[in-house]
Structures are given as C-alpha cells and as structure tokens.
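Inside the fold
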Amino acid sequence: MAEQEYRRLTRSRVRRKGFLGFFTIVASTRSSLWLAKDHVLSIDSRRYTEEYKRFYFRDIQAITIRQTKRRAIWNFALMLLLVFWLGMLVSMVSGFESDSATIALLCTWFLILAVPLLANNILGPTCAVYLRTAVQIEELPSLNRVRRAHKALARIRPLISAAQGQLAPEEVSVRIREMNQSSDASAMAGASQNARSESAPTVEDAPSRIVVEPQ
Amino acid sequence: MATFSVLGLNSLAGRRQIHSLPSCPKCGAPLVEGVLNQPSLEPCPGCQSLLQVEVFPALFRRTAPAGSGEIVLVDGESSCFYHASKKAVLACQGCGRFVCALCDCELNGEHFCPACLETGKAKGKIKSLENRRTLYDSIALSLAILPLVIFIFWFFTIVTAPMALFMAIRYWNAPGSIVRHTRIRYVVAMIFATLQIAGWGIGIYFLIENLHG
C-alpha cells in the first residue's frame, strides 16, 4: 500500500507541558500539523520517535482559537532584561570603565534580547487552538499565533466543508436551540431516573458476603 | 451514599460532556450563539477571554447506535464467524470471514473483523491505525554525528561509528517518518561512520607501525 501524501500545514513547535515543560529542551516534544486528502495529521515528535493523531475532516466538530497572554508575558520579561542591560551599557559608556571589549559584549547581549522581543511583536498575538471531535478535545500546539491559526483554518475550512457540507450562520442558532432542548429533555429524563433509583439498594445495604447455611 | 445508579450516572455525565455545546477552554462556560462562527475573536461570556469558535455540521450529527446483529432465522443462512447465532452481514476484507453487524468494524470505507483490526494495528498493516514510529535514521545519524559535535566525546566514535553503520544497514528498509520519504539521513550516517571507522583503522595501523618501528 503506497504511503499517503502529506502536505505541511504548520512547522513543528514545542508542546509545552506546564511551566517546566519549556525548560526540558532535550526531552521536549515538538508538534506539527500535516494535511492529507481526508484528514489532518498531528505529529508529536520526540527526536527518535513520532506519534500520530489523525483528525478526519468528516469528524471535526469545532475548532476553537483562544487568545492567550503569552506574548505580553514574554514582552514584559524581555523588556525587563533589556532595561537592565541598557542601564549597564549606559553606565559603562558614560562611567568609569569604558573598556571597548566589555561594551561590545553588552551590545551583543542587547541585540540577543532585542531580536526575540522584536520577533515576538512582529508575529502577533499568541493563542491556543483546540480541535474537537466526538470523542476528544485536542490542543494543537503548533498553532500558537492567531495569524498562523487563521491561515491554517482558512486551508482546513474548505476541506471540512467538502466532507461535511456547509453550515449557514442562521442554521447554527436553530441547531443550537434544538440541541439545548434535547439536552434539557435528557437531563429531565436522567433526573426522573435518579429519583426512581432513590429506593434502589445501595452499596452499604448490600450484604458483605453471601453465607450459605448448612442444612 | 454511593448507590449503584449514581455510579452509572457519573459515567453518563462524562460521556455527555463531549456531546454538549462547545465551551470556553479557559473557564468552561458554554458558548452562546454570538460567539460561534464569527469572523473575528469575540469575548467569552464567562471570562471575557477572546475566542473564535468555528463549528461544523458534525457537532449536530447524531451518531446511529451500533447494530447488535440479527439472529439467524432460516437454517443454512450464513452466520457470523464469532457469533454462530447472528446473521452475517458482510465478509471481513482482511481474512474473508463472515461477520455480523456487531463484529463489523468500518475503517475509512473498509470492513474488518475485530481480530484483523487488532492484527493490522499490531503489525502496522493498516496504515491509518498506525500511531507511532521509531526513527532509526535519526538514531543512526545521531550516533554518527553527535560524538563529533560534542567534541570531548570524540573517542566514543570507536563504538558509535560501527553502531551507526549497523543501524543504517539493518533498518535501511524499515519505515521512517510518515511524512519524510528520503533516506538521506541513513546515507549521511553511513558516510560519517565509514570515515570514522577508516580514521580509527589508519590511526591504529600507524600506532602499531610506530610501536614496531
């Protein structure tokens, strides 16, 4: 069987697992997205192994983009370091020990901090993207910028529409109302079932073991 | 007080969660119509986080309950291989055995019996079920390159170079990454490993020559 052809949807990016996840560079998992003719493939790469998750276009229920504060946090941290470094640079230039080698080193460090700060702002707001199917809600870490997520969504949307059909905006509200009504009805049915089971035997009521009396 | 029915309801509630309307990933508030399928990011009604939620028809699709298989009524009617009393509905595309509606596992338009599905997954025969691969080409390349890159470990190449060469030859035909179809890593690993082995060979030769000379 010939292998399926995949087209790259996003480049691989680190899958963060909590605060410490960022620092585990060696053992980090990199996640990327690829497009096939009938599904999106998510690859979690751990250097020497790859794990695959396939999301078929016909099964995708929703895609959620949530704007995060990561860009602001990075901006704050990098600005703080830059101000510190700038202060040192100014004191070196105007002050007592204006050694050219030290100034060059500080300038280099200044640039090392300034470039990520610039890139962080050029790339735009950060986000977290979630893909939902009937059985799971999966985060897609490779879509970590709003602009990038919009681009990816623009590529996926027509493929999902081709597999599932279009959903008109007014149809969404009608379907949601229907869904709410059916969930209310099932909740009521569940409540009545629960009320009926009030008289059902409990775990505590059950005998601890069955004892067979000798005849 | 734990009742038998409460245990059942808990699992039901867990299942219902995924079949409900999309909710905010941050605060869990159910998202109302104004937020869904909007062209830009809209504030969540619960936590005011900016969200854009695109819903598709699959969200509203009701999944049909799985068939339990019809019982064989007429003598001589083909029955399921696994359930002799159930009527066969089709043949497994893996092994050709007749299966009932209960045993029919559909996968991208193909129909398999549970045994073939399990075997196909274990042996990697059904590509769409394959969920993990080991990248032997990356291992071989690392073995060939890393001791040179981390310069203080260059003497490890006496062990790592033959290992890299062995891995490149042994796993040449093993499936690599699902999205990368090139063997360039194997080739580079073999070139580097061969050069390292040759270097060690020449070095040892000259060492012996000097000792004798």
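Small disclaimer: the values here were computed from a predicted structure and weren't measured.

**Focus: the overall build of chain A**
When you go through chain A residue by residue, the secondary structure sums to 5 helices and 7 strands. Listed by position from the N terminus, the elements making up chain A come as β-α-β-β-β-β-α-α-β-β-α-α. Here chain A holds 215 residues, and the buried ones make up 20% of them. Long-range contacts, defined as pairs at least 24 residues apart, comprise 56% of the intrachain contacts of chain A with a sequence gap of at least 6.

**Topic: helix α3 (residues 100–122) of chain A**
For α3 of chain A, built from 23 residues, the straight-helix expectation of 33 Å at 1.5 Å per residue is met to within 8% by its first-to-last C-alpha distance of 32 Å. Among the residues trailing α3 of chain A, G124 of chain A stands out with phi positive, at a value near 90 degrees.

**Some remarks on the nonpolar core**
Counting residues in hydrophobic clusters, the biggest one holds 35 residues, and the most contacted among them are I60, V129 and A149 of chain A together with V53, V55 and F56 of chain B. For this core, the elements supplying multiple residues, two or more each, are β2 (30–35), β3 (39–45), β5 (62–67), β6 (127–132) and α4 (146–164) of chain A together with β2 (50–55) of chain B. Residues within four places of V53 of chain B in sequence aside, it is in contact with A62 and T64 of chain A together with P22, L31, V35 and L36 of chain B. Ranked by size, the runner-up nonpolar core spans 17 residues in total, among them L135, A164, L165 and Y186 of chain B.

**Notes on the sheet that holds strand β4 (residues 49–56) of chain A**
The strand order across the open sheet formed by 5 strands is β1(A)-β2(A)-β3(A)-β4(A)-β7(B), and the pairing between neighbours is antiparallel. If you trace the sheet from one side to the other, it starts and ends with β1 (7–14) of chain A together with β7 (132–134) of chain B, each paired once. For this sheet, the mean angle separating the axes of adjacent strands, direction not counted, is 20 degrees. The sheet contact formed by β1 of chain A and β2 of chain A spans 5 bridges and is antiparallel. Paired with R8 of chain A across the bridge in β2 of chain A is W34 of chain A. Docked against the sheet, α4 of chain A engages β1, β2 and β3 of chain A, running at close to 150 degrees with respect to β1 of chain A.

Rules and cut-offs
Residues numbered from 1 in each chain as written. Chains lettered and ligands numbered in written order. Predicted model: local features only at pLDDT ≥ 70, side-chain atom pairs only at ≥ 80, totals over all residues. Helix = DSSP H or I, 4+ residues; strand = E, 2+ residues; numbered from the N terminus. Buried ≥ 20, exposed ≤ 12 C-beta atoms within 10 Å, placed from the backbone. Contact = placed C-beta atoms within 7 Å. Expected span 1.5 Å × (residues − 1). Core = buried A, V, L, I, M, F, W, Y, C linked by C-beta atoms within 7 Å. Pairing = 2+ DSSP bridges. Axes fitted to C-alpha atoms, helices over the stretch in contact; angles between N-to-C directions.

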